[in-house]
Structure formats: C-alpha cells, structure tokens
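Take a look at the letters that make up each chain.
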Amino acid sequence: MSKDYYNILGVDKAASKEEIKKAFRNLAHKYHPDKKDGDEKKFKEANEAYSVLSDDKKRAEYDSYGRVFSGGAGRSAGPDGFEGFDFSNFASGQGFGASGFEFDLGNIFGDFFGGARERARRGRDISIDVELSFHDAVFGTERRILINKTAACDVCRGSGAKPGASEETCGICNGKGKIRESRRSIFGHVQTTRVCGECGGSGKVPSEACAVCGGEGVARKEQEVLVRIPAGIENGEVIRLGGVGEAIKDGTAGDLYVKVHVAKHPLFRREKSNLLMDLSVKLTSALLGDEYSIPTLDGNITIKIPEGIRHGEILRLRGRGVPIDRSRRGDVLIKIYIDIPSKLAKEAKKLIEELKKQGI
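Residues numbered from 1 in each chain as written. Predicted model: local features only at pLDDT ≥ 70, side-chain atom pairs only at ≥ 80, totals over all residues. Heavy atoms only, no water.

Draft legend 1. Summary view of the nonpolar core. In this structure, Leu256, Leu279, Ile303, Ile305, Ile334 and Ile336 are the most contacted members of the largest nonpolar core, which totals 40 residues. Here this core gathers at least three residues from each of two domains, domain 2 (126–166 + 207–262) and domain 4 (268–339). Residues Ala23, Ala28, Ala46 and Tyr62 belong to the second largest nonpolar core, which totals 19 residues. (Core = buried A, V, L, I, M, F, W, Y, C linked by side-chain atoms within 4.5 Å. Buried < 20%, exposed > 50% of the residue type's maximum accessible area, 1.4 Å probe, protein only. Domains from an automatic or database assignment.)

Below is the structure:
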C-alpha cells in the first residue's frame, strides 16, 4: 500500500511548494533524531514525503499513479536524503517559524552527515608574475626570485618554542587537542568539535615561547626561490610550486603560482612548436632562384630560394623551432613575399617588356 505523503506532511493536495517546504521544516525540527525527543522513523517518513512532493515530476507521477517512477520514492543523493531541499532561506537570526537564532550550516551538517570534518590548516597561496624573453621561453631557463612572505621561523623551526624549552599541557583544551562546543541550530542544540587553536591539536604548548617569532612559529622575511622554466612555455601559462607559499604554524604551507609573460619577438611568431616568419625576396630572386641569410634562434642560416617560387609560398626549415622533447623540435616556417618594385629604370623596363613579348 502506497504512503500518503500529503497526510505525512499534514498538507492539502493542492498545497503550494512553500507550504510543503514549511511543513517539512516544522516536522524536521520536531522529529530530528539528534534531538532529545526526536523520532527517527517519523523524520525519515517526512523526508521521504518531502523528496517526492518538492519535485514537480515526482509529484505529478505520485498524484497520477500513487507511486514514483523517476528515481524512486524517497531516493536521495545525500546521507539523510535532503535532495532538492533548499536551505538558502536560512540565515543568521532566522530559523524555523519565528524562533530566530544563529547557527552555522557547516557545523550543523558536519554533525548530521557523519560528524564534523576537520579541515587541515594551510597557509595562503602566493602569485607572482615573471617576464621572459622569447628565447628563454623557447629553450627554458631558471630564475632566482626574491619574495617577501611568511615562512617558518629560522630559530624555532616552526615550533614556536624557545630552543630547549620544555612542553606543558595546553590549558585551553586540557591536553586533548580538541575543543567541543554546544550551539543552537535549526534542529536544536548541536555538539561540534574543533582543533584547539592554542596548541594546534597537539595538546602541548612550550613553557617558553620563541623570542624571535613570539611563539607563532612563523615570521615575515625575504626568501629566494628557484623557479625552473620548462622549454616551450607559452605566454600566460602558470607554474605551480607546491609548498612554497606562505607558511602557517601546525599546518602546511600554501603554494606559489608563477604566471609567465613572454616578450614578443621582432621576427618570429609562435604557433605551438613551430615558429613563423615573413621573408621579402626580390622579383629576380623569385624568378631565377637565390640564396638568403636569415636569423634563427640558433644563429644565422643560409637558405635557398627555389627558382620560380610564388608569392605566399612557405619554405620549411626543419628542427629549428620550439623544443617538443629532449630530442625533437618544431620547424621554422618562412612565408615568402615577392617585393614588386614600384618604379623601374629604363633598361629594366625594356627587359620586362621583352619578357612580356615572350608571354612571361
């Protein structure tokens, strides 16, 4: 026999989405199993009813056939089946009905869905910009960069303790490393656990703090960082150096992100592993063939212009482009532009007229 979801929530069949949502809120508040007088069975029934009636498609199927075919009645993606439930209206000073109180959704749902999960302490990430020449971007290079950041104290090596000082039991958490707190939530009083900020979860504190960092374990200082630029890096790419960001006591350091800016080359344009360039040749060179000396990233090279080359044709110089791996490089692609003179000397004009007579 199918369940009467409307009856479970205590609403009419013509109830609006807001009325259904309000009814579920009231029942969830009343029956949640974390409450002293909660009822897990009724809470799950209310949740199942809400998961169907809050979904237009499921509700239409339920109204027509008394059951749900799309996903199954009461099926949900979360551990407690809050699929489709909108908590966006919950804010500080608002709760169920008019009983306003403050709460933290992160703590509430951390407890409901398997206990509060402690997030690892992590330092702040840093980002810097590096300017590279076209040549260095193609072949790779190394840069030593001086950055000002929070780093582990050189004296106490991040412990915050004076060298040689003994350890004492933390007076804040009584050596447990964690602190339990009770606060009011949308479902009543909720117990949460957090890492002790005084001892960082160790339960111990030094008897004397480091005189340099004042017990913080970290200090602001300039630090030289070696950045290895890989060959073939492109403009706008970012290099990530893990653990080179700002340090934090009893936690891991953040990351350093290096954004690369490659200067333009006066001759070459880059297209993946190939380098493109334009070369203007004389009309006679195009007709009769010739040799031209051109600059490359490896030095000047003499190339042959084949006889009868056409305007716009491309010559390929293999293995002189951007490194692909340790043994291979892209090519240099040379686009030919034939330089047509705007004025001709009388002798040259006569020669051209002779060529014209010959149909050339």
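Draft legend 2. Spotlight on the packing of aromatic side chains. Counting across every chain of the model gives three aromatic pairs. Between the aromatic rings of Phe24 and Tyr50, the centroid separation amounts to 4.6 Å while the plane-to-plane angle is 15°, which identifies the pairing as stacked. Note that Phe24 is positioned in helix H2 (residues 17–31) and Tyr50 in helix H3 (residues 40–53), a separation of 26 residues in sequence. For Tyr50, a relative accessible area of 3% puts it in the buried group. (Phe/Tyr/Trp six-rings, centres within 6.5 Å; stacked < 30°, edge-to-face > 60°. Helix = DSSP H or I, 4+ residues; strand = E, 2+ residues; numbered from the N terminus.)

Draft legend 3. Examining the UniProt feature "binding site: Zn(2+) 2" (unreviewed entry) in the chain more closely. What UniProt calls "binding site: Zn(2+) 2" (unreviewed entry) maps, in this numbering, to Cys170, Cys173, Cys196 and Cys199. Separation in sequence by 30 residues is not matched in space for these annotated residues, since their most distant C-alpha atoms are only 9.1 Å apart. Of note, Cys173 is situated in the loop between strand S3 (167–169) and strand S4 (178–185). The residues contacting Cys173, other than those within four sequence positions of it, are Lys178, Ile179, Cys196, Cys199 and Gly203. In this fold, Cys199 is placed in the loop between strand S5 (188–195) and strand S6 (204–206). On the basis of relative accessible area, Cys199 is assigned to the buried category, the value being 3%. The residues touching Cys199, leaving out its near neighbours within four places in the chain, are Cys170, Cys173, Gly177, Lys204, Val205 and Asp250. (UniProt positions renumbered as here; feature names shortened; annotations may be inferred. Contact = heavy atoms within 4.5 Å.)

Draft legend 4. Broad picture of the packing of H2 against H3. It is at 9 Å that the axes of H2 and H3 come closest, and there the two elements cross at 165°. Between H2 and H3, the angle falls in the class roughly antiparallel. As for how H2 packs across H3, the hand of that crossing is left-handed. Facing H2, whose interface residues are Ile20, Lys21, Phe24, Leu27, Ala28 and Tyr31, H3 presents Glu40, Lys42, Phe43, Ala46, Asn47, Tyr50 and Leu53. Within the contact of H2 with H3, the residues separate by chemical class into nine nonpolar, one polar and three charged. (Axes fitted to C-alpha atoms, helices over the stretch in contact; angles between N-to-C directions. Parallel < 35°, antiparallel > 145°, perpendicular 65-115°, else oblique. Left-handed = near helix turned anticlockwise from the far one by under 90°. Nonpolar A, V, L, I, M, F, W, Y, C, P; charged D, E, K, R; others polar.)

Draft legend 5. How the structure looks around H3. Its 14 residues place the ends of H3 20 Å apart at the C-alpha level, agreeing with the 20 Å of an ideal helix rising 1.5 Å per residue. Burial in H3 covers these residues: Phe43, Ala46, Asn47, Glu48, Ala49, Tyr50, Ser51, Val52 and Leu53. The N-cap of H3, judged by a side-chain oxygen 3.1 Å from the amide nitrogen of Lys41 a few residues on, is Asp39. (Expected span 1.5 Å × (residues − 1). Polar contact = N/O pair within 3.5 Å; in protein donor to acceptor, adjacent residues only side chain to side chain.)

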